[in-house]
Amino acid sequence: MKQWLSSLRVRMLVPVIIMTLLVIILLTTLFSRAYTDMILQQENEVNAVGFDTVSRTIPPLINTSVSEVKRIIADSRVASYARLQYASDAQLVRARLSCRDYLQGEIDRHDGITGLLFMRKDGSLFGVLPEGSFFLDEPEKNPLSEDVMARILDVSFGQTVWVGPLAGALISGYENSSTFQNVMIAAWKSVNVTYGECYAMMLMDESIFESQFVALQDGQSTWHLFTADDTEIYHTGQEACLNPERLISQSNSGTIFRDEHDRPICTFSMAMESPAWTVVREISMENYEQVVHRVRRSILLLGGAVFLIGLTVYWLWLRRSMPQFDSLLNGIVRMGEGDLESTTFVPTSIAEFKQMQGEINRTRLALGQQMETIRRMERERMELENQKKEQERMAQELILAKQIQESMLPHIFPPFPERAEIDLFASMDPARDVGGDFYDFFFIDEDHLCLVIADVSGKGRSPARCS
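These numbers were taken from a predicted model, which means no experiment stands behind them.

*Asks:* When you look at the packing of aromatic side chains in this model, what are you seeing that I'm missing?
*Replies:* Each aromatic ring pair is specified by the distance between its two centres and by the angle formed by the two planes. By the definition in use, this model includes five aromatic pairs. Each ring, one from Phe 118 and one from Phe 126, has its centre 5.3 Å from the other, and the planes form 25°; the classification is stacked. Across this residue pair, the class does not change: Phe 118 and Phe 126 are buried. Judged by centre distance (6.1 Å) and plane angle (75°), the rings of Phe 416 and Phe 441 are edge-to-face. Within this pair, whereas Phe 416 is found in the loop between helix H10 (351–408) and strand S12 (437–443), its partner Phe 441 is found in strand S12, the two being separated by 25 residues in sequence. Phe 416 sits in the buried class, given a relative accessible area of 15%. Phe 441 sits in the buried class, given a relative accessible area of 9%.

*Asks:* Sorry if this is basic, but what is going on with the layout of surface pockets here?
*Replies:* Empty space among the atoms becomes visible once a probe the size of a water molecule is rolled across them. Of the volumes computed, that of the largest pocket is approximately 580 Å³. In this structure, the largest pocket is lined by 30 residues; those nearest its centre are Gly 158, Gln 159, Thr 160, Val 161 and Trp 188. At the level of elements, helix H2 (8–72), strand S4 (160–167) and strand S5 (182–192) are the ones that each hand at least two residues to the lining of the largest pocket. In terms of residue class, the lining of the largest pocket is made up of 15 nonpolar, ten polar and five charged.

*Asks:* When you look at the sheet that holds strand S7 (residues 221–226) in this model, what are you seeing that I'm missing?
*Replies:* Pairing between the strands of a sheet is mediated by backbone hydrogen bonds and can be parallel or antiparallel. In spatial order, the strands read S8-S7-S11-S10-S9; together these five strands make up an open sheet with antiparallel pairing. Each edge of the open sheet carries a strand with a single partner, namely strand S8 (232–235) and strand S9 (257–258). Pairing analysis gives three bridges linking S7 to S8, with the strands arranged antiparallel. By the bridge assignment, His 224 is partnered in S8 with His 235.

*Asks:* Would you take a moment to explain the confidence of the model for the chain for this structure?
*Replies:* Low-confidence regions, as indicated by low pLDDT, have predicted coordinates that should not be scrutinised in detail. The pLDDT averaged across the chain works out to 76; a share of 83% of its residues lies at or above 70. pLDDT under 50 marks residues 1–6. Its contacts with residues more than four places away, or in other chains, come to five contacts.

*Asks:* Whenever I open this one, unusual backbone geometry confuses me. Can you help?
*Replies:* What is expected of a backbone is that most residues other than glycine have negative phi and most peptide bonds are trans. Positioned with a positive phi, Asp 262 is a non-glycine residue whose angle comes to about 60°. Position of Asp 262 relative to the elements: it lies in the loop between S9 and strand S10 (264–271).

*Asks:* Sorry if this is basic, but what is going on with the pairing of S10 here?
*Replies:* The side chains of a regular strand alternate, residue by residue, between the two faces of the sheet. The buried count for S10 comes to seven of eight residues, which makes it a mostly enclosed element. For S9 and S10, the ladder comprises two bridges, and the chain directions are antiparallel. Paired with Arg 258 across the bridge in S10 is Pro 264. Between the end of S9 and the start of S10, which pair antiparallel, lie five residues, with Asp 262 showing a positive phi angle near 60°. Pairing between S10 and strand S11 (residues 278–284): seven bridges, direction antiparallel. Counterpart to Cys 266 in the pairing with S11 is Ile 283. Two successive antiparallel strands, S10 and S11, enclose a turn made up of six residues.

*Asks:* Help me understand the pattern of salt bridges, please; the structure alone is not making it clear to me.
*Replies:* Note on pairing: side chains with opposite charge can pair once their charged atoms come close. All chains considered together, the criterion is met by 15 salt bridges. When the shortest N-O distance is used, the salt bridge between Arg 109 and Glu 106 registers 2.5 Å. One end of the pair, Arg 109, and the other, Glu 106, are both in helix H4 (residues 89–109), three residues apart, so they sit about a helical turn from each other. Among the ionic pairs, Lys 141 bridges to Glu 138, the shortest N-O distance being 3.8 Å. Taking the relative accessible area as the measure of exposure, Glu 138 reaches 33% and is therefore partly exposed. The network of salt bridges with shared partners includes Glu 68, Arg 71, Glu 106 and Arg 109.

*Asks:* What is the right way to read the packing of helix H3 (residues 76–83) against H4 from this model?
*Replies:* Any two packed helices are characterised by how steeply their axes cross, that is the angle between the axes, and by the distance between the axes. Between H3 and H4, the least distance of the axes is 9 Å, while the angle of their chain directions is 140°. Here H3 lies oblique to H4, going by the angle between them. In this structure, H3 crosses over H4, and the sense of that crossing is left-handed. Contacts from Arg 77, Val 78, Ser 80 and Tyr 81 of H3 reach H4 at Leu 92, Ala 95, Arg 96, Ser 98, Cys 99, Tyr 102 and Leu 103. Residue classes in the contact of H3 with H4 are distributed as seven nonpolar, two polar and two charged.

What counts, and at which threshold
- Residues numbered from 1 in each chain as written.
- Predicted model: local features only at pLDDT ≥ 70, side-chain atom pairs only at ≥ 80, totals over all residues.
- Heavy atoms only, no water.
- Phe/Tyr/Trp six-rings, centres within 6.5 Å; stacked < 30°, edge-to-face > 60°.
- Buried < 20%, exposed > 50% of the residue type's maximum accessible area, 1.4 Å probe, protein only.
- Helix = DSSP H or I, 4+ residues; strand = E, 2+ residues; numbered from the N terminus.
- 1 Å grid on protein atoms, 1.4 Å probe; cavity = no way out; pocket = protein on both sides within 12 Å on 5 of 7 lines; lining within 4 Å.
- Points joined across faces, edges and corners; volume = space filled by probe spheres on them.
- Nonpolar A, V, L, I, M, F, W, Y, C, P; charged D, E, K, R; others polar.
- Pairing = 2+ DSSP bridges.
- pLDDT = per-residue confidence, 0-100.
- Contact = heavy atoms within 4.5 Å.
- Salt bridge = Lys/Arg side-chain N within 4 Å of Asp/Glu carboxyl O.
- Axes fitted to C-alpha atoms, helices over the stretch in contact; angles between N-to-C directions.
- Parallel < 35°, antiparallel > 145°, perpendicular 65-115°, else oblique.
- Left-handed = near helix turned anticlockwise from the far one by under 90°.

Encoded structure:
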């Protein structure tokens, strides 16, 4: 008890420290959550504008381009060359030139289309690019990789698959200042009775999307375009996404997470129907995180200042009130040690301490009375125990005396079994444990029997004579 009370000052300070820490943690948590919610709300408003712009520009551009290509490949000049059924080399050359000129004129009229290629089932390729043409009727000359060719040949009729982005130099076979850096290929299976199965490939330079996203750049956002199989075909940032699946799955969740470079980001996404692409807006939260850190430091500094002020006030209060605590402590300690005398109390301005001192003095008085009662009861108990022990001792002595007395008296009857003329029996029954009478009998000679009856306590009849 004394040790517990001696640490009263520290124990009174611990709740203050805990409450201060809880308040600081609560304030920082509430601010971080409120600030993050506010930022996400603002970003949602930006998303609404950005996604609306994308949905109004990109799908029409893609769908219009695909429709135009489907119209182009239905022309007889394309079908004529696709059959490769010519009587002479001269006819083959004329068909090739006619197909090239027609396709070249068509891609020049469409800004979104940067090339038209057609691939037969055997892998042979023909078509045009802005600065050249492909008439590679030998499959082994196809510049596309086996993986790209496999994806295109595996597409079902009526389905469009997007491949890329691929390096423009890979398609063209050379690289110069006018070669496109990256191109995307939209491929689908076309069946025409005039030339059979053929796979049409529309090439689009990724730069066509720059005009769609240039107005959406704010220095904090990176826009991504993913196909249905999570292939990234365009992005506005410096680096392509290394984990598209995670970027898409975490979008619209309102959570901040770390990307592959351990940068805090938040993502939002929108799914388009035609084409079935996913637009993802990636927002860097580094600036917001720095603001949160600065505010947290400010809250910590403010909380520390408030705590120091509170601690100062606490110690001033202790200096004023601790003498009263010391008086109470000494009184309680003395009471615990058995000193039940009243304690002189030095009055202070704290009325509660005066009341506590009065309660302690009343407790002393009550404890003193109880202790006196306990001591009296203890004395009575000891006296009763002594009396009981004395009675038990006397009872043992009486039993022993009775046994001694009985052992002195004759107790075998008949005493003279060889003398048939004599029949004798005697007994002594004391009124209490031990009696004062005595008897005995014995032969003086062959003819005379002596009977002895006596009162050994000095009372009763005179001793009997022998006869």
